[in-house]
Amino acid sequence: MKTTVNSRAIWRALTTVNSPLPIHIDADTLLACLLLRNTQRQWRPHVRAFFREVQAEVMMDMVIEGTISFEELSQAIRFWDVEEDIENVRWVREMTPRQNG
């Protein structure tokens, strides 16, 4: 399958996300879900696994690459109803710039 995702880090995330799940997600779909361009509920376990299992270093690499921002990760956490007590969720929240107002 041809992909349009240029992120190297998302490929590292995919092996972790897909490993425990019976249906695998591809890089394009995972990124679309994180960016809320794909909101099909069938992918919720994959997005939750991304925040629960993927190392923070991989998420940081995705931000550094310009693939996604902390704000977009934070919006994905909110939309996909990811548990707030997960270490990576707390880290993303800390790294997300605060809105003035």
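Figured I'd write up the structure that's included with this text.

Criteria and thresholds
- Residues numbered from 1 in each chain as written.
- Predicted model: local features only at pLDDT ≥ 70, side-chain atom pairs only at ≥ 80, totals over all residues.
- Heavy atoms only, no water.
- Buried < 20%, exposed > 50% of the residue type's maximum accessible area, 1.4 Å probe, protein only.
- Helix = DSSP H or I, 4+ residues; strand = E, 2+ residues; numbered from the N terminus.
- Contact = heavy atoms within 4.5 Å.
- Salt bridge = Lys/Arg side-chain N within 4 Å of Asp/Glu carboxyl O.

1. Observations concerning helix H3 (residues 44–53)
Structural remark: α-helix, 3.6 residues per turn; residues separated by three or four positions point the same way.
Move 1: The set of residues buried in H3 consists of His 46, Val 47, Arg 48, Ala 49, Phe 50 and Phe 51.
Move 2: Packing partners of the buried residues in H3 comprise helix H1 (9–18), helix H2 (27–34), helix H4 (56–65), helix H5 (70–79) and helix H6 (87–95).

2. Structural notes on the pattern of salt bridges
Move 1: Per the counting criterion, the structure on display carries seven salt bridges.
Move 2: Note that Arg 52 is salt-bridged to Glu 53, the shortest N-O span being 3.7 Å.
Move 3: The class of Arg 52 is partly exposed, set by a relative accessible area of 40%.
Move 4: The exposure class assigned to Glu 53 is partly exposed, which follows from its relative accessible area of 44%.
Move 5: A salt bridge links Arg 52 to Glu 83, with the shortest nitrogen-to-oxygen separation between them at 3.8 Å. With Arg 52 in helix H3 and Glu 83 in the loop between H5 and H6, this pair connects stretches of sequence that are 31 residues apart.
Move 6: The class of Glu 83 is partly exposed, set by a relative accessible area of 30%.
Move 7: Each of Arg 44, Arg 48, Arg 52, Glu 53, Asp 81 and Glu 83 takes part in salt bridges that share partners, so that together they form one network.

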